[in-house]
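Summary of the model geometry
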Amino acid sequence: MTSSIDEQLVSHELFADQPRARALFAQLRRDDPLHYTTAEGYPPFWAVTKHADILEVERQQDRFINAPLVFMRSTEELRERERTGNPLRVLLGMDGADHRAHRALVQAWFMPQNLKNLELMVSQRATEMVDKLLERGPECDFARDIGQWYPLKVIMSLMGVPDEDHPHLLRLTQQLLAPRDPDMKRTVGGSNIAAIKEVVGDFFAYFTKVVADRRINPRDDISTLLANAQVHGQPIGQMELMSLFLNLATAGHDTTASSLAGGLQALLENPLEFEKLRAQPELLPSAVEEIFRWTTPVKHFCRTATEDYVLRGKQVRKGDILMLFYPSGNLDEEVFPDGEQFRVDRTPNRHIAFGSGAHVCLGMHLSRMELKMFFKEFLRKVGRIEMIGKPEQVLSNEVAGPKHLHVRYEAALA
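All values derive from a computational prediction rather than experimental measurement.

Summed over the entire model, instances satisfying the criterion amount to 38 salt bridges. For Asp 183, the salt bridge is made with Lys 403, and the minimal N-O distance between the two is 2.8 Å. Within this pair, whereas Asp 183 is found in the loop between helix H10 (166–177) and helix H11 (192–216), its partner Lys 403 is found in strand S13 (residues 402–404), the two being separated by 220 residues in sequence. The partly exposed category is assigned to Asp 183, whose relative accessible area is 45%. Residue classification places Lys 403 among the buried residues on the basis of a relative accessible area of 7%. Across the pair Glu 410 and Arg 384 runs a salt bridge whose closest N-O atoms are separated by 3.6 Å. Here Glu 410 is found in strand S14 (residues 406–411), whereas its partner Arg 384 is found in strand S11 (residues 382–387), with 26 residues between them in sequence. Judged by relative accessible area, Glu 410 falls into the partly exposed class, the value being 39%. Overall, the relative accessible area of 39% leaves Arg 384 in the partly exposed class. Through salt bridges with shared partners, one network takes in Glu 273, Lys 276, Glu 290, Arg 293, Asp 338, Arg 343, Asp 345 and Arg 346.

Right, dumping it as structure tokens:
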């Protein structure tokens, strides 16, 4: 393996070039599926690229923990974090009893039985956004004008955040999850960590006001639930509370937005599959799962070994970092022999776009509902549609999808 592979694995540009990323991971899965990576300026880590190995790591939450590193950071960033501290205690960075207790606070809101109560709201938001698409016609940037707004409006409705504040929180989310994208990042004296901390501070300032309001004026929303929550029999700590708000306000929509725009891109790039879905709308549930597999918005998470462990015949040492590459797992030839094909009727579909184990995505059922309702309305109301030019991807190895997806379209015939 060449050092250039190591440099690519930590690059925020890699996933913006989908053919290059797929070729790289295909090579790794074939030649060195558990690749020890030593990229200049980064701590060494194991690149985990096989579906089975990702599952093996994730189901052993005590051997491979989320803390202290959720996303890969440069050595310089890690040193700065050590000097100044980490302001976050998000679910993704918690383990064991702490993770279970904090996750339990909001888990019921996102379970299928409760989502039945939200179907009308989600359906209304889907209708609103498809109608907006048609109003903007005959052309628009689907990723920017529609895709990023629909799931944002859904999660903010659950949190009780007014519509006029949505643009502010969208911008903060983009700055946090795409810290290297020149169109999205915040710049603070050339320091990535300082910029992230400033963004986090803005999130905290906003939701501190929300908490103060809900403690005086409770409502039937997630914000009220969190504002009055207890963990281990005690009121939740301020840092944990603000981190939960940040978790929901970012992960609650950004991944779904990437899947929505990426899903439309996949359908447009595979017109026979698009026509198959139009002709057989009953395929929508399997099509949505294929969209999640194909787009895999979360590009990686990190785990840290708490003890020595042999994985795929290689010795992982206590303290070693493992970088789990979900897009690679979702193209693994052993699980998806025709994984390079986008198929709306793929069943079964054992994708890992939502992760697995204790940290499986909290909002996966809501995300499924959102895509099904949007595309149901879209297929009913939108007729001919085509891409204009080449889509542009977000520059991020954390959460990414189309940044720009220009389309030309017309309403379906009545």
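The subject of this paragraph is the sheet that holds strand S3 (residues 64–65). Taken in spatial order, the five strands line up as S1-S2-S10-S7-S3 in an open sheet, and their pairing is mixed. At either end of the open sheet lies a strand with only one pairing partner, and these are strand S1 (34–37) and S3. Relative to strand S10 (residues 321–325), strand S7 (residues 300–305) is paired through five bridges, and the arrangement is antiparallel. Bridge assignment links Thr 304 to a residue of S10, and that residue is Ile 321. Contacts from helix H3 (residues 51–58) reach strand S2 (45–48), S3, S7 and S10 within the one sheet, and its direction differs from that of S10 by about 130°.

Before going further, it helps to spend a moment on the nonpolar core. With 88 residues, the main nonpolar core has Phe 110, Phe 142, Phe 203, Phe 207, Phe 374 and Phe 378 as its most contacted residues. Among the elements that make up this core, the one with the highest residue count is H11 (nine residues). The contacts of Phe 142, once residues within four sequence positions are left out, are Leu 133, Gly 147, Leu 260, Ala 261, Leu 264, Phe 374, Leu 405 and Val 407. Of all hydrophobic cores here, the second largest spans 20 residues; its members include Ile 54, Ala 305, Leu 311 and Ile 352.

With that settled, the discussion passes to helix H2 (residues 18–31). Every α-helical turn comprises 3.6 residues, leaving residues that sit three or four positions apart pointing alike. The end-to-end C-alpha separation of H2 is 20 Å, in line with the 20 Å expected for 14 residues at 1.5 Å each. What H2 keeps buried is the set Ala 21, Arg 22, Leu 24, Phe 25, Leu 28 and Arg 29. Considered in projection along H2, the buried side chains sweep an arc of 160° and stay on one side of the axis. Seen from the open side of H2, the exposed residues pointing more than 90 degrees away from its buried face are Pro 19 and Arg 30.

The strand order across the open sheet built from three strands is S4-S14-S11, with neighbouring strands paired in antiparallel fashion. Lying at the two open borders of the sheet, with one neighbouring strand each, are strand S4 (139–141) and S11. The mean inter-strand angle of the sheet, taken between neighbouring strand axes irrespective of direction, is 30°. Examined bridge by bridge, S4 and S14 share three bridges and lie antiparallel to one another. Each bridged residue has a counterpart across the sheet, and for Asp 141 the counterpart in S14 is His 406.

The next point concerns the packing of helix H14 (residues 254–269) against helix H16 (residues 284–295). Following both chains from N to C, one finds H14 and H16 inclined at 100°, their axes separated by 9 Å at the closest point. It follows that H14 is roughly perpendicular to H16 by the angle criterion. Counted together, Ser 258, Ser 259, Gly 262, Gly 263 and Ala 266 of H14 and Ile 291, Phe 292, Trp 294 and Thr 295 of H16 form the full contact between these two elements. Looking at the contact of H14 with H16 residue by residue, the classes come out as four nonpolar, five polar and no charged.

A separate point is the packing of helix H7 (residues 119–136) against helix H9 (residues 149–159). Working note: a packed helix pair is described by the angle between its axes plus the distance between those axes. Two elements in contact, H7 and H9, have axes whose closest approach is 10 Å; the angle formed by their N-to-C orientations is 150°. With respect to H9, the axis of H7 lies roughly antiparallel. As H7 runs across H9, the sense of the crossing is right-handed. Side by side, H7 and H9 meet where Met 121, Val 122, Arg 125, Ala 126, Glu 128 and Met 129 of the first sit next to Trp 149, Tyr 150, Lys 153, Val 154, Ser 157 and Leu 158 of the second. For the contact of H7 with H9, the per-class residue count stands at eight nonpolar, one polar and three charged.

What follows concerns the pairing of S7. Taking burial as the measure, the six residues of S7 include six buried ones, the bulk of the element. The two faces of S7 match: His 300, Cys 302 and Thr 304 on one face and Phe 301, Arg 303 and Ala 305 on the other face are all buried. In the sheet, S3 pairs with S7 via two bridges, with the strands oriented antiparallel. Of the residues in S7, the one forming a bridge with Ile 65 is Thr 304.

Structurally, Gly 93 can be placed in the loop between helix H4 (75–84) and helix H5 (96–107). What makes Gly 93 partly exposed here is its relative accessible area of 26%. Distance from Gly 93 to Pro 402, taken between C-alpha atoms, is 26 Å for residues 309 residues apart in sequence.

Criteria and cut-off values
Residues numbered from 1 in each chain as written. Predicted model: local features only at pLDDT ≥ 70, side-chain atom pairs only at ≥ 80, totals over all residues. Heavy atoms only, no water. Salt bridge = Lys/Arg side-chain N within 4 Å of Asp/Glu carboxyl O. Helix = DSSP H or I, 4+ residues; strand = E, 2+ residues; numbered from the N terminus. Buried < 20%, exposed > 50% of the residue type's maximum accessible area, 1.4 Å probe, protein only. Pairing = 2+ DSSP bridges. Contact = heavy atoms within 4.5 Å. Axes fitted to C-alpha atoms, helices over the stretch in contact; angles between N-to-C directions. Core = buried A, V, L, I, M, F, W, Y, C linked by side-chain atoms within 4.5 Å. Expected span 1.5 Å × (residues − 1). Arc of directions from axis to C-beta. Parallel < 35°, antiparallel > 145°, perpendicular 65-115°, else oblique. Nonpolar A, V, L, I, M, F, W, Y, C, P; charged D, E, K, R; others polar. Left-handed = near helix turned anticlockwise from the far one by under 90°.

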